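Per-entry structural report
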Amino acid sequence: MDIVAWLREAHPHCVATLRTAMRTADDASTPLGASRGLAFADGYRGDSINPADDEILAHLACGENSCDLEAHFWKDHDELLAILQARLHDLLRVGEHGDYASFNHSLGITGKPWQQADWKAAESWQILSPLRIHPFGTDELNRQMQSAYKGGLIHKAQQRWSKFPAPFGDQQIVYTDKVIQVVNKRIKGWPHERNPLNYVANGEIGIVTTARKGSGSDYLQVGFSTQDGVTYRYSRNQVDENLELAYALTVHKAQGSDFKVVFLIIPKEAQTLSRELIYTGLTRFRERLVLLIEGDTETLRRLRLPDSSATHLRNTNLFTLSLRPDESRPEIPFPEALIHRTRRGVLVRSKSEVIVANVLDGLVDDPSEIDWKYEEPLFSSEARDDYRLPDFTIGFVGDTYYWEHLGMLSVPAYREGWERKRRWYEERLGIPVVGDGARPGFDVEPGTTPLVITSRDGDNGSIDVPHIEALARRYILLED
């Protein structure tokens with residue numbers, strides 16, 4: 001972030017911004033560029049690129065699942081597990097032909113594992129959680145998944161007479177378990193004639209293809225999704241330092257990976273929750289994203305805000321010597337070059353929004369006369385869960401105004417998103433929209449309230465501050 005911020009200031013011609021998230025599944029059923037899940041994820045980027053991304057959040061709150069994105073809500077641990085198992089059944093057919101067999105089949109185990117050469121299907125689906133230690137954390141979820149679908153195998157392996165060795169390690173890993181390598185490791189691969197890499201990287205996911213009782217030590221072998229035709233052997237005393245169950249992973253551990261189907265757990269509170277972590281979790285899927293949300297969408301709404309950014313809390317600055325403390329949390333310094341902060345100290349998404357906020361504060365001699373809030377939910381009277389998030393909600397002498405600053409109206413997808421939001425204001429709430437994002441030729445008499453006022457960046461990214469001030473004076477102060 002320090003480097004990008006410096007480049008944007010000192011060498012802007014060297015910076016190119018990726019505006020379109022590209023899908024990685026060639027056989028995905030959702031057309032390229034039409035992913036609802038990726039459009040929703042845009043709301044958690046450092047800069048919001050679509051004015052209608054809050055529309056998807058409202059649809060999820062209303063229970064509207066479509067395309068490659070769905071959301072389900074849970075109140076306690078038991079309900080979370082029940083929903084998770086139901087979605088595994090519906091999406092992956094787990095449980096249709098016996099829990100053990102169908103569960104294995106969802107992971108690509110189609111016959112005798114030691115005879116298979118390709119384990120790419122081990123990454124066909126993945127449960128993600130922000131934490132390890134918690135009822136909704138990965139440790140407990142892995143235990144629950146293993147108990148539900150491998151419980152009989154674990155019980156047999158624990159018997160003294162069993163042909164299988166006893167379960168391995170603290171997590172009781174057994175034959176056909178899905179596992180992840182947790183350290184970089186140089187280790188010999190089998191068979192040697194296939195010229196294995198003789199190396200397994202931290203984060204590689206695979207399947208336990210063999211579990212054997214050995215004369216000197218019990219061992220298991222793992223086939224990893226990235227290395228066809230070879231397996232790697234681990235003795236009993238090597239398991240805990242190398243392998244963990246991988247039915248559920250932390251979002252952090254999943255960085256750099258992607259899966260056909262992702263089940264992303266979003267609790268109300270977790271120490272690791274941030275805007276960046278949610279964005280990472282939302283973008284790990286290739287074909288379908290299933291959100292498992294505790295309570296309601298309030299946590300997702302809160303995490304959209306810039307002050308939920310973990311990046312802004314990092315005390316790092318490579319190119320600037322001074323650090324400005326956050327007034328509300330003076331113990332945490334902020335890198336001044338990496339934030340967008342208004343005159344009032346409110347974090348916003350972009351420099352353009354800083355300009356709008358500061359124009360509002362400068363309209364009158366006493367800024368306290370104008371009360372504005374950033375991304376305050378505006379609810380429809382027809383459906384309590386149907387809401388949008390105007391950039392600014394403004395109160396002045398008893399009247400209410402809403403302000404939307406539009407960044408890229410020249411981009412078709414952006415313009416279409418804004419048009420849907422404009423229609424929501426006008427048709428659902430009956431609030432007219434004026435300014436740069438209004439219908440061509442439309443205007444109202446100043447003094448009309450409530451009112452949505454819109455401004456925009458130029459097609460080249462420029463911003464006209466006098467024009468923004470003129471809009472505010474015309475429609476809020478009612479000056480000619």
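Everything discussed here concerns the structure shown above.
Residues numbered from 1 in each chain as written. Predicted model: local features only at pLDDT ≥ 70, side-chain atom pairs only at ≥ 80, totals over all residues. Heavy atoms only, no water.

1. So, helix α8 (residues 275-282)
Using the following cut-off: The buried label applies to any residue whose accessible area, calculated with a 1.4 Å probe on protein chains only, is under 20% of its type's maximum; exposed applies above 50%, and partly exposed to all values in between. Secondary structure elements follow DSSP: runs of H or I of four or more residues count as helices, runs of E of two or more count as strands, with numbering from the N terminus. Here, two residues are considered to be in contact whenever any of their heavy atoms come within 4.5 Å of each other.
Of all eight residues that make up α8, six are buried, and the element is covered over most of its length. Looking at α8, one finds that the buried residues are Arg275, Leu277, Ile278, Thr280, Gly281 and Leu282. Its buried side turned inward, α8 meets α2 (36-41), β2 (125-129), β12 (259-266), β13 (285-294) and α9 (298-303).

2. Regarding the sheet that holds strand β7 (residues 205-212)
Note the threshold: Strand pairing requires that DSSP identify at least two bridges connecting the strands.
Ordered in space as β5-β9-β8-β7-β3-β10, the six strands form an open sheet in which the pairing is antiparallel. At either margin of the open sheet sits one strand with a lone partner, and together these are β5 (189-190) and β10 (243-245). Of the strand pairs in this sheet, strand β8 (residues 219-224) and strand β9 (residues 231-235) are connected by four bridges, and their pairing is antiparallel. Among the inter-strand pairings, glutamine 221 is bridged to a residue of β9, identified as arginine 233.

3. Re the nonpolar core
The criterion, for reference: Nonpolar core, defined: a set of buried Ala, Val, Leu, Ile, Met, Phe, Trp, Tyr and Cys residues in which side-chain atoms within 4.5 Å join the residues together.
The biggest cluster of nonpolar side chains holds 84 residues, and the ones touching the most others in it are Phe40, Trp125, Leu220, Tyr234, Phe263 and Leu291. Tallying contributions element by element places β12 first for this core, with seven residues. Every residue in contact with phenylalanine 263, bar those within four places of it in the chain, is listed here: Leu84, Arg87, Leu88, Leu91, Leu92, Trp125, Gln126, Ile127, Leu128, Val290 and Leu292. Leu360, Phe392, Leu451 and Ala472 belong to the second-largest nonpolar core, a separate cluster that totals 27 residues.

4. Notes on the side chain of arginine 422
By the element assignment, arginine 422 lies in helix α11 (residues 412-428). Its relative accessible area of 6% is what places arginine 422 among the buried residues. Setting aside residues no more than four positions away along its own chain, arginine 422 makes contact with Val433, Gly437, Ala438 and Arg439.

5. A few points about the packing of aromatic side chains
Basically, it comes down to this: Here the aromatic set is Phe, Tyr and Trp, taking the six-membered ring for Trp, and pairing holds for ring centres within 6.5 Å; pairs whose planes are under 30 degrees apart are stacked, those over 60 apart are edge-to-face, and all others are tilted.
What the rule picks out here adds up to twelve aromatic pairs. Both rings, one in phenylalanine 40 and one in tyrosine 44, keep their centres 5.5 Å apart while their planes meet at 70°; by these two values the pair is edge-to-face. Each member of the pair, phenylalanine 40 together with tyrosine 44, is buried. Of the aromatic side chains, those joined through ring pairs into one cluster are Phe103, Trp125, Tyr149, Tyr247 and Phe263.

6. Notes on the pattern of salt bridges
If charged atoms from side chains of opposite charge come close, those side chains can pair. To keep it simple, the criterion reads: A pairing counts as a salt bridge when a side-chain nitrogen of Lys or Arg comes within 4 Å of a carboxyl oxygen of Asp or Glu.
The tally for this structure, following the rule as stated, stands at 32 salt bridges. Of the charged contacts in the structure, one is a salt bridge between arginine 87 and glutamate 70, with a shortest N-O distance of 2.7 Å. In this pair, arginine 87 is assigned in helix α4 (residues 77-92) and glutamate 70 in strand β1 (residues 69-74), connecting sequence segments 17 residues apart. Arginine 87 sits in the buried class, given a relative accessible area of 14%. Measuring nitrogen to oxygen at the nearest pair gives 3.2 Å for the salt bridge that ties arginine 439 to glutamate 426. Placement of the pair is arginine 439 in the loop between β21 (433-435) and β22 (451-456) and glutamate 426 in helix α11, with a sequence separation of 13 residues. Of the residues examined, arginine 439 reaches a relative accessible area of 36% and is grouped as partly exposed. Through salt bridges with shared partners, one network takes in Glu55, Glu382, Asp386, Arg388, Arg420 and Arg428.

7. Brief notes about the sheet that holds strand β20 (residues 399-406)
Across a sheet, paired strands are connected by hydrogen bonds in the backbone, their directions being either parallel or antiparallel. Just so we agree on the cut-off: To get an axis, fit a line to the C-alpha atoms, keeping to the stretch in contact for a helix; angles then go from 0 to 180 degrees between the N-to-C directions.
Ordered by their spatial adjacency, five strands build an open sheet running β16-β19-β20-β22-β21, and the pairing between neighbours is mixed. Two strands in the sheet have a free side with no partner beyond their single neighbour: β16 (370-374) and β21. If you compare each strand with its neighbour and ignore which way they point, the axes differ by 25° on average. The pairing of β20 with β22 spans six bridges and is classified as parallel. By the bridge assignment, glutamate 404 is partnered in β22 with threonine 454. Helix-sheet contacts for α11 involve β20, β21 and β22, and the interaxial angle to β20 is about 170°.

8. Quick notes on unusual backbone geometry
Between tryptophan 190 and proline 191 the backbone carries a cis peptide bond, its omega angle lying at -5°. Looking at the secondary structure, you find proline 191 in the loop between β5 and β6 (199-200). Following threonine 449, the chain continues to proline 450 via a peptide bond in cis, the omega torsion being -10°. If you trace the backbone, proline 450 turns up in the loop between β21 and β22. For cysteine 67, which is not glycine, the phi dihedral falls at a positive 55°. Mapping cysteine 67 onto the fold places it in the loop between α3 (53-61) and β1. Its identity is not glycine, yet asparagine 195 carries a phi of approximately 55°, on the positive side. By the secondary structure assignment, asparagine 195 is in the loop between β5 and β6.

9. A short note on the environment of valine 15
Relative to the helices and strands, valine 15 resides in the loop between α1 (2-10) and α2. For valine 15, a relative accessible area of 25% translates into the label partly exposed. The residues touching valine 15, leaving out its near neighbours within four places in the chain, are Leu7 and Arg8.

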